[in-house]
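# Coordinate analysis (summary)
Each chain, letter by letter, is given below.
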Amino acid sequence: MSNKSDELGEKLLEIFCSMKLGLVLLGIIALVSGIGTLIPQQSMDPNGAQAVAEIWRNLGFTSVYSSPWFHLLLGLLCINLLVCSVQRFKRFYKLTFAPEPPKESSNIPKKINAVISGSDGEALRQKTQESLKKKGFRITQLEKEGKWNFIAQKHGMGNWGPFTIHIAFVILVLGALTGSLSGFSGYIMADAGREVSIRDISIEKGQVKENFMLKINSVEDRILPNGERDNWYTNLSIIESGEEVQRDTISVNHPLTYKGMTFYQTSYVPGAEFTVDMMGKKFPVTLQSRGGNYFNAPGTNLYLVLAEIKGDPQKPVIFYQVFDESSQVKMGQLTPGQSENIQDTYTVTFDKTIGFTGLQVKSDPGVGVVWLGCGLLMIGLILAFYWRPVRISGSLDLTEPILTLGAYSGKYNMGIKKEFDKVVDELKA
Amino acid sequence: MSGSLQNWEVSVFYVMFGAYLGSSVLYWLWEAIKKDAFRQLATLAAIVGLTANTTAIALRWIISQRPPLTSGYEFILVFCWGIVINYMFVKFRYKLNALGSFVIPVPVLLLGFIIMAMGPSERVASAIQPALKSQWLTIHVFTAILAYGAFAVSFGLSIMYILKTLSNQSTDKNTKENWINRFPHESVLDELAYKMVGFAFPMLTLCIITGAIWANYAWGTYWSWDPKETWSLITWIIYAAYLHARLMYGWKGRRAAWMAILGFAIVLFTFFGVNYLLPGLHSYA
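Because the structure is predicted, anything quoted here is derived from the model rather than measured. (Residues numbered from 1 in each chain as written. Chains lettered and ligands numbered in written order. Predicted model: local features only at pLDDT ≥ 70, side-chain atom pairs only at ≥ 80, totals over all residues. Heavy atoms only, no water.)

### Structural notes on the overall build of chain B
Broken down by element type, chain B carries 10 helices and 0 strands. In sequence order, the secondary structure elements of chain B are arranged as α-α-α-α-α-α-α-α-α-α. Its C-alpha atoms give chain B a radius of gyration of 20 Å, near enough to 19 Å, the size a compact globule of 285 residues would have. Along the three orthogonal principal directions, the C-alpha set of chain B runs to about 65 × 45 × 30 Å. Residues classed as buried in chain B amount to 60% of the 285 residues present. (Helix = DSSP H or I, 4+ residues; strand = E, 2+ residues; numbered from the N terminus. Rg over C-alpha atoms; globule rule 2.2 N^0.38 Å. Buried < 20%, exposed > 50% of the residue type's maximum accessible area, 1.4 Å probe, protein only.)

Structure follows, in structure tokens:
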């Protein structure tokens, strides 16, 4: 029984160590990701996703990237990368920090190889050492039975490239997973002067644990003199226990972070401010253009909507609509200061145009881990592709004296050959 | 002033297109006729094209007062520049003239797409949305053009490799010497193609990472599985598979060449296919 389970364990380890599994998983992930861009996804196109045949919806093809089997594929790939990396750690360590000189001259690589003869064994050894050291090689040597064997290595840290890349990939996936399992995201659409409790924002995912107030001090859609939009700006304050603890202006690409929560300027909606006079009682109402929100007069079934704002910013004209539960009951236009009686229930006066700021609020504890993964990934790639190790081994018969040299060819035969030829030319000179 | 600059930009665009087209034709003539004068003229035309390409980018930069990296038209301009600059490097570094016959037609086709499919409104400098006003965008696109340019060169080298090996098979059957025989040895083509991918892959990774950093600043999310992001990840996976398969399974030669060709086809799909067939956040470029 024990033997059987040992065999099974070994077999599993063998499978997870195989690069073939990694490549197959990468291929499946690429294929499935591609399918996800062709089939409407619930997160991006909910209506399109609903139109997809039920069987595909049930199989998760309309939410590919959040489906359990997609996460399983990523998980399997991470295990594969981890097992491969752990298994190869010793080899990379040995290659970098404890390279072994060849025991026999027959162990010297033959594909890129040269034989140099000299008149004095000791002088040739010294010349070889000096030449290699000058070129940045580190030499590990062994002398026995009148033979001097060595291995010289340059850019040894390059051996760690693949290991770093694979570990970085696992860290990256772990960071993404942390972000998707914890943290939250929400949305605020508010006009200037509005104070919102962070617990009252529209939550898209997760829960808000903090408790503070957010005050929108000003909202600006800044247009440059040439007519181009500069950016949307929101000046906001963080208020804790009635005290302003932070105040900043944010814009697209310039967010604000407070207590692990980041506020991003994501949109801007023009709107208008009205004064409603209802049975002698006056109160302000703010509405977003294109029906972003509505005003339901208390105790009535009338809904006032701001359809559009037109005209010069200095002389704006607003178009409004009034609905009951089933249909439109009134529509019209107003200029600043103009009033209109709505179904003999209340009077609305258009005061001025205003702006509504759209803020995305996010807390992602995994994002730092993701950036760590990205940084390591780049370091790994630089080591693997721009810092390639060059290893030359050799054996010198001190009595004859004949030096046999060979370079280990890896990814770039041509580049290594060039480097090797330079060494050989110098030794022959 | 801006109006006359725009007229210059249009003229320079057609000089660039004409020069790249002329260069391609001259390279083909050189392959067919073997007269060195054609090769020299082809190189000269490519240099004229690259100069006009650089000028077109500079003029657009001056007109729009921002790096010209924000529309489909602007991206094709810098994409062509990336391809030709990578080509020039390989051509002069490795004395690989025949590569021009396979690489220079790529910018000709890309610019031909602008002429055939893009209306004047898509070509002029226009206002950009606030999200695009970021330094990260410049690094993001710059790394993309270097990566895509190098992938285009590896594509050209891989086609040369396949033609060379096919030709070798037929010379075994005593066919006469042809223009393909003047290509460098297939192992040189194979290794150079690998070298180009080895340069481009970290660039593509940096492109994806800087894109993620920028998206995180702009939208508060570093990855949203937008079709462009997803297809750039697929491109990354294809080239990662190319590198692994080559290293671990010795998939050198013809298999590697076909993978590099497939990789570049996906690069082109990531740009054209995604922009024109699949909607998403990257709808501007």
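### Topic: the confidence of the model for chain A
On average, residues of chain A score 89 in pLDDT, and 98% of them reach the 70 mark or higher. Mean pLDDT values for the elements of chain A range from 76 in helix α1 (residues 2-17) of chain A up to 95 in helix α8 (residues 367-386) of chain A. (pLDDT = per-residue confidence, 0-100.)

### Section: unusual backbone geometry
Residues apart from glycine generally show negative phi values, whereas peptide bonds are mostly found in trans. All names here are of chain A. Of note, the bond from Glu400 into Pro401 is cis; its omega dihedral lies within 30 degrees of zero at -20°. Even without being a glycine, Lys259 presents a positive backbone phi close to 50°. If you trace the backbone, Lys259 turns up in the loop between β10 (256-258) and β11 (261-278). Positive phi values are uncommon outside glycine, yet Gln343 reaches one of about 50°. One can find Gln343 in the loop between β17 (339-342) and β18 (346-363).

### Some remarks on the domain arrangement of chain A
Examined at the domain level, chain A breaks down into domain 1 (2-93 + 163-181), domain 2 (99-155 + 388-428) and domain 3 (184-363). For domain 1 of chain A and domain 2 of chain A, the distance between their C-alpha centres works out to 44 Å. (Domains from an automatic or database assignment.)

### Section: the pairing of strand β9 (residues 243-251) of chain A
Residues and elements named next belong to chain A. Pairing analysis gives 8 bridges linking strand β8 (residues 229-240) to β9, with the strands arranged antiparallel. Among the inter-strand pairings, Leu236 is bridged to a residue of β9, identified as Asp248. Between β8 and β9, which pair antiparallel in sequence order, lie 2 residues; one of them, Ser241, sits at a positive phi of approximately 50°. (Pairing = 2+ DSSP bridges.)

### Considering the environment of B:Tyr194
Residues and elements named next belong to chain B. Looking at the secondary structure, you find Tyr194 in helix α8 (residues 186-219). Given a relative accessible area of 3%, Tyr194 falls into the buried group. Here the alpha-carbon distance between Tyr194 and Met160, two residues 34 residues apart in the chain, equals 13 Å.

### Some thoughts on helix α6 (residues 121-134) of chain A
For an α-helix, the turn length of 3.6 residues means that residues three or four places apart are oriented alike. All names here are of chain A. In a regular helix each residue adds 1.5 Å, so 14 residues correspond to 20 Å; α6 covers 20 Å between its end C-alpha atoms and thus fits that length. Taken as a whole, α6 has its buried residues at Gly121, Leu124, Arg125, Thr128, Gln129, Ser131 and Leu132. Directly beyond the C-terminal end of α6, a positive phi value near 90° is found at Gly136. (Expected span 1.5 Å × (residues − 1).)

### Side note on the sheet that holds strand β1 (residues 112-117) of chain A
Sheet strands pair via backbone hydrogen bonds, and the direction of the pair is either parallel or antiparallel. All names here are of chain A. Taken in spatial order, the 5 strands line up as β1-β20-β19-β3-β2 in an open sheet, and their pairing is antiparallel. Whereas interior strands pair on both sides, the edge strands pair on one side only; in this sheet they are β1 and β2 (138-144). Adjacent strand axes in the sheet meet at a mean angle of 15°, parallel and antiparallel pairs treated alike. Pairing analysis gives 6 bridges linking strand β19 (residues 390-397) to strand β20 (residues 402-407), with the strands arranged antiparallel. Within β20, the position partnered with Ser393 by the bridge is Gly406. Contacting β1, β2, β3 (147-154), β19 and β20, α6 runs over the sheet at an angle of about 10° to β3. (Axes fitted to C-alpha atoms, helices over the stretch in contact; angles between N-to-C directions. Contact = heavy atoms within 4.5 Å.)

### Remarks on the sheet that holds strand β5 (residues 195-197) of chain A
Residue and element names in this part refer to chain A. Sheet architecture is open: 4 strands sit in the order β5-β7-β8-β9, paired in antiparallel fashion. Only two strands of the sheet have a single partner each, and these edge strands are β5 and β9. This sheet shows a mean twist of 25° between the axes of neighbouring strands, independent of strand direction. Judged from the 3 bridges that link them, β5 and strand β7 (residues 213-223) form a sheet pairing that is antiparallel.

### Concerning the packing of aromatic side chains
Both the distance between ring centres and the angle between the ring planes are used here to describe each pair of aromatic rings. This model, assessed by the stated rule, comprises 41 aromatic pairs over all chains. Relative to A:Tyr93, the ring of A:Phe89 lies with its centre 6.4 Å away and its plane at 20°, an arrangement referred to as stacked. With A:Phe89 and A:Tyr93 both in helix α5 (residues 68-97) and 4 residues apart, this pair spans about one turn of that helix. For A:Phe89, a relative accessible area of 37% corresponds to the partly exposed category. When the ring of A:Trp160 is compared with that of A:Phe163, the centres are 5.5 Å apart and the planes differ by 85°; the resulting orientation is edge-to-face. Residue classification places A:Phe163 among the buried residues on the basis of a relative accessible area of 16%. Members of the aromatic cluster, connected to one another through ring pairs, are A:Phe89, A:Phe92, A:Tyr93, A:Phe97, A:Trp160 and A:Phe163. Looking at B:Lys91, its charged tip hangs above the ring of B:Phe92, at a distance of 4.9 Å from the centre. (Phe/Tyr/Trp six-rings, centres within 6.5 Å; stacked < 30°, edge-to-face > 60°. Lys NZ or Arg CZ within 6 Å of the ring centre and 35° of its normal.)

### A look at empty space enclosed by the protein
Residue and element names in this part refer to chain B. The full count for this structure, using the stated rule, is 2 cavities of 30 Å³ or more. Roughly 30 Å³ of internal volume is contained in the second largest cavity. What lines the second largest cavity is simply Ser158, Tyr161, Asp190, Ala193, Tyr242, Gly253, Ala256 and Ala257. Elements represented by at least two residues in the lining of the second largest cavity include exactly α7 (135-172), α8 and α10 (253-277). Of the residues forming the lining of the second largest cavity, the biggest block, 3 residues, is contributed by α10. (1 Å grid on protein atoms, 1.4 Å probe; cavity = no way out; pocket = protein on both sides within 12 Å on 5 of 7 lines; lining within 4 Å. Points joined across faces, edges and corners; volume = space filled by probe spheres on them.)

### Thoughts on the nonpolar core
For soluble globular proteins, the rule of thumb is that nonpolar side chains tend to be buried together. Membership of the largest hydrophobic core comes to 158 residues, with the highest contact counts inside it found for A:Phe263 and B:Phe151. Counting residues per element, this core draws most heavily on α8(B), at 17 residues. Each of domain 1 (2-93 + 163-181) and domain 3 (184-363) of chain A contributes no fewer than three residues to this core. The contacts of B:Phe151, once residues within four sequence positions are left out, are B:Val197, B:Ala200, B:Phe201, B:Leu204, B:Tyr239, B:Phe264 and B:Val267. In this structure, A:Ile116, A:Phe150, A:Leu405 and A:Leu427 belong to the second largest nonpolar core, which totals 22 residues. (Core = buried A, V, L, I, M, F, W, Y, C linked by side-chain atoms within 4.5 Å.)

### Observations regarding the side chain of B:Ser23
Residue and element names in this part refer to chain B. Tracing the chain through its elements places Ser23 in helix α1 (residues 2-33). Among the polar contacts made by the side chain of Ser23, one reaches the main-chain carbonyl oxygen of Ala42 at a distance of 3.0 Å. Excluding its chain neighbours within four sequence positions, the residues that come into contact with Ser23 are Ala42, Ala45, Ala46 and Ile104. (Polar contact = N/O pair within 3.5 Å; in protein donor to acceptor, adjacent residues only side chain to side chain.)

### Some words on the pattern of salt bridges
Counted by the stated rule, this structure contains 21 salt bridges over all chains. The partner of A:Glu244 in a salt bridge is A:Arg247, and the shortest N-O contact between them spans 3.4 Å. Residue classification places A:Arg247 among the partly exposed residues on the basis of a relative accessible area of 47%. The partner of B:Arg246 in a salt bridge is B:Asp190, and the shortest N-O contact between them spans 3.0 Å. Of the two residues, B:Arg246 sits in helix α9 (residues 227-249) while B:Asp190 sits in helix α8, which places them 56 residues apart along the sequence. Residues B:Arg246 and B:Asp190 agree in their burial class; the two are buried. (Salt bridge = Lys/Arg side-chain N within 4 Å of Asp/Glu carboxyl O.)

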